[in-house]
Amino acid sequence: MEEIIKEIVKIDSNAMENKKQQENRINERKAYYEAQIAAYEKERIEDAKEKAEKAYQDIIAAANEQYKFEEERAKKQVLLIENKYLQVEGPLLDTVFEQLFTMEA
């Protein structure tokens, strides 16, 4: 009977040791996969940040190009208006002064 109890204790001890080993393996695997997921997540986030930064820089560059284009267009319009004004300025002043002097006379 004592032999049977010793054998049961031995089997129980082995079972407990196996259970601890399995739990350790499971915990190691869990930690490994969590680390892999964290590394993958970090890599994806970094990739996304780089892509977002590039898209932002592209948008800024396009906006600057559009600004330069609009600025040049506005400068051309100002020159056209100045030229038209200069074309009519002399005759307009002559007309205004002529009317002023004819009113006084």
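Presented here is a report on the structure given in the accompanying data block. (Residues numbered from 1 in each chain as written. Predicted model: local features only at pLDDT ≥ 70, side-chain atom pairs only at ≥ 80, totals over all residues. Heavy atoms only, no water.)

**Overview of the overall build of the protein chain**
Next, step 1: Counting its secondary structure elements, the protein chain contains 1 helix and 0 strands.
Next, step 2: Over its C-alpha atoms the protein chain spans a radius of gyration of 44 Å, topping by over 25% the 13 Å that the globule rule assigns to 105 residues.
Next, step 3: Within the protein chain, the fraction of its 105 residues that count as buried is 0%.
Next, step 4: Accessible area of the protein chain: about 10,200 Å², with a carbon and sulfur share of 59%.
Next, step 5: With 17 positive and 24 negative side-chain charges, the protein chain shows a separation of 10 Å between the mean positions of the two kinds. (Helix = DSSP H or I, 4+ residues; strand = E, 2+ residues; numbered from the N terminus. Rg over C-alpha atoms; globule rule 2.2 N^0.38 Å. Buried < 20%, exposed > 50% of the residue type's maximum accessible area, 1.4 Å probe, protein only. Areas by Shrake-Rupley, 256 points an atom, 1.4 Å probe, with all protein chains shown as cover. Lys, Arg positive; Asp, Glu negative; His and termini not counted. Charge placed at Lys NZ, Arg CZ, Asp CG, Glu CD.)

**Some words on a nonpolar patch on the surface**
Next, step 1: Together, Leu92, Leu93, Val96, Phe97, Leu100 and Phe101 make up an exposed nonpolar region whose accessible area comes to about 560 Å².
Next, step 2: Note on placement: Val96 falls in helix H1 (residues 2-104).
Next, step 3: With relative accessibility at 39%, the residue Val96 sits in the partly exposed group. (Patch = residues over 30% accessible without salt bridge, like charges linked within 9 Å, V, L, I, M, F, W, Y side chains within 5 Å. Salt bridge = Lys/Arg side-chain N within 4 Å of Asp/Glu carboxyl O.)

**Concerning the pattern of salt bridges**
Next, step 1: With the rule as written, the count across this model stands at 6 salt bridges.
Next, step 2: The partner of Arg44 in a salt bridge is Asp47, with the nearest N and O atoms 3.2 Å apart. Separated by 3 residues within a single helix, Arg44 and Asp47 lie in helix H1, roughly one turn from each other.
Next, step 3: By relative accessible area, Asp47 is classed as partly exposed at 26%.
Next, step 4: Taking the shortest distance from any N to any O, the salt bridge between Asp58 and Lys54 comes out at 3.0 Å. Note that Asp58 and Lys54 are positioned in helix H1 at a spacing of 4 residues, about one turn of the helix.
Next, step 5: Through salt bridges with shared partners, a single ionic network connects Glu43, Arg44 and Asp47.

Remember that the coordinates give geometry; whether it matters functionally is a separate question.
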